[in-house]
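Residue-level structural notes
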Amino acid sequence: MPKVSEEHAAARREQILSAAQRCFARKGFHATSMNDVFAEAGLSAGAVYSYFRSKDEIIVAMAERAVRMIVPFFDAVLVEEPTPTLEDVTRRFVVELQELAAGPGSVAPQVWAEATHNPALVPVVTANLRRMRDFWTEIARREQAAGRLASDADVEAVGVVLFALTPGFIFGHLLLGDISPETVERGLRDLRRT
């Protein structure tokens, strides 16, 4: 039997993850069965199980995929010169989140909630959240260096506050649907007025 190419395997994994994401977005993790995933993907049980042994493995893979999708944004912003303003970075980040919320990001709140009691998810989810918090701390540090944040500000604390906006935006976007990148940018700018 010919060996499956890496490209074919990656495409099949993505097909399964995308199908699972649609199921999870529609029904939630716990109400979605593996049979739902098979049907949504248009694949046999054996085909899906050759890539993922369980629903938990699919959820872990989805969390890992989310990390891979957001990290390029962080990396690109951190090499920009001159350093973009906090408001600009935040607006662009919200645009990125909106795009992710139309796909893999739509199940982010479920992944975070599941990680509070599923040990298999903890390493992936905490690594992703730490990476996001570190990004915002670095943005605060750069704001301080640029003179746009008080010299005595605690950049770690500012990073934590900026990081905490992410889940709020995602929940607001998914449930309320009326939070725009421009509103977030304007709100931050207005908060910084003296």
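Section: the overall build of the protein
Summing up its helical and strand segments, the protein has nine helices and zero strands in all. When the elements of the protein are put in sequence order from the N terminus, they spell out α-α-α-α-α-α-α-α-α. Seen through its C-alpha atoms, the protein measures out along the principal axes to roughly 65 × 35 × 30 Å. Evaluated residue by residue, the protein yields a buried proportion of 41% over its 194 residues. Contacts spanning at least 24 positions in sequence make up 68% of the contacts within the protein whose residues lie at least 6 apart. A total accessible area of about 10,400 Å² is found for the protein, and carbon and sulfur atoms account for 58% of it. With 22 positive and 26 negative side-chain charges, the protein shows a separation of 4 Å between the mean positions of the two kinds.

Some remarks on the side chain of Thr 90
Here Thr 90 lies in helix H5 (residues 86-101). Accessibility expressed as a relative area gives 5% for Thr 90, which makes it buried. Contacts of Thr 90, omitting those with residues within four sequence positions, involve Trp 136, Val 184 and Leu 188.

Quick notes on the pattern of salt bridges
Across all of its chains, the model carries 16 salt bridges by this definition. The salt bridge involving Arg 22 is made with Glu 40; its shortest N-O contact spans 2.8 Å. Taken as a pair, Arg 22 in helix H1 (residues 6-27) and Glu 40 in helix H2 (residues 34-41) lie far apart in primary sequence, 18 residues in all. Its relative accessible area of 27% is what places Glu 40 among the partly exposed residues. Its salt-bridge partner being Arg 91, residue Glu 185 comes within 3.3 Å of it at the nearest N-O pair. Of the two residues, Glu 185 sits in helix H9 (residues 181-191) while Arg 91 sits in helix H5, which places them 94 residues apart along the sequence. On the accessibility criterion, Glu 185 (17% relative accessible area) is buried. Because the salt bridges share partners, they merge into one network encompassing Glu 80, Asp 88, Arg 91, Arg 92 and Glu 185.

Cut-offs applied
- Residues numbered from 1 in each chain as written.
- Predicted model: local features only at pLDDT ≥ 70, side-chain atom pairs only at ≥ 80, totals over all residues.
- Heavy atoms only, no water.
- Helix = DSSP H or I, 4+ residues; strand = E, 2+ residues; numbered from the N terminus.
- Buried < 20%, exposed > 50% of the residue type's maximum accessible area, 1.4 Å probe, protein only.
- Contact = heavy atoms within 4.5 Å.
- Areas by Shrake-Rupley, 256 points an atom, 1.4 Å probe, with all protein chains shown as cover.
- Lys, Arg positive; Asp, Glu negative; His and termini not counted.
- Charge placed at Lys NZ, Arg CZ, Asp CG, Glu CD.
- Salt bridge = Lys/Arg side-chain N within 4 Å of Asp/Glu carboxyl O.

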